[in-house]
Amino acid sequence: MVSKADLIFIYDVQLMRKIKREGYSYLLSAISLADRRLWLYPRCIEIENIMKEHTKTLN
């Protein structure tokens, strides 16, 4: 069974585009209850590394 800990919720369009450029596809695109677009990815070390790199470029 898949749990919430197995998933990554992305709300940042720029980050989603970086992940897409690296060849990863999201599992689901949706609009949250807060009326924000989100993309759901499986949790893996490669996507987590893209997220870390993205955070470094923002700071």
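All figures in this text were calculated on a predicted structure; none of them were measured in a lab. (Residues numbered from 1 in each chain as written. Predicted model: local features only at pLDDT ≥ 70, side-chain atom pairs only at ≥ 80, totals over all residues. Heavy atoms only, no water.)

(A) A look at the side chain of histidine 54. Structurally, histidine 54 can be placed in helix 2 (residues 45-58). Among the residues examined, histidine 54 registers a relative accessible area of 6% and is labelled buried. Polar contacts involving the side chain of histidine 54 include one to the side chain of lysine 18, which spans 3.0 Å. Ignoring any residue separated from it by four or fewer positions in sequence, one finds histidine 54 in contact with Asp12, Gln14, Leu15 and Lys18. (Helix = DSSP H or I, 4+ residues; strand = E, 2+ residues; numbered from the N terminus. Buried < 20%, exposed > 50% of the residue type's maximum accessible area, 1.4 Å probe, protein only. Polar contact = N/O pair within 3.5 Å; in protein donor to acceptor, adjacent residues only side chain to side chain. Contact = heavy atoms within 4.5 Å.)

(B) Layout of the confidence of the model for the protein. Looking at the protein, the pLDDT average stands at 96 and 100% of residues meet or exceed 70. Mean pLDDT per element in the protein: helix 2 is the minimum at 96, and strand 3 (residues 37-42) is the maximum at 98. (pLDDT = per-residue confidence, 0-100.)

(C) Geometry of the sheet that holds strand 2 (residues 28-31). Read across the open sheet, the three strands follow the order 1-3-2; overall the sheet is antiparallel. Two strands in the sheet have a free side with no partner beyond their single neighbour: strand 1 (7-10) and strand 2. Strand-to-strand twist in this sheet, taken as the mean axis angle between neighbours without regard to direction, amounts to 25°. Inspection of the sheet shows strand 1 paired to strand 3 by four bridges, in the antiparallel sense. Of the residues in strand 3, the one forming a bridge with isoleucine 10 is tryptophan 39. Docked against the sheet, helix 1 (residues 13-21) engages strand 1 and strand 3, running at close to 35° with respect to strand 3. Those strands touched by helix 2 are strand 1 and strand 3, and its axis lies near 30° from that of strand 1. (Pairing = 2+ DSSP bridges. Axes fitted to C-alpha atoms, helices over the stretch in contact; angles between N-to-C directions.)

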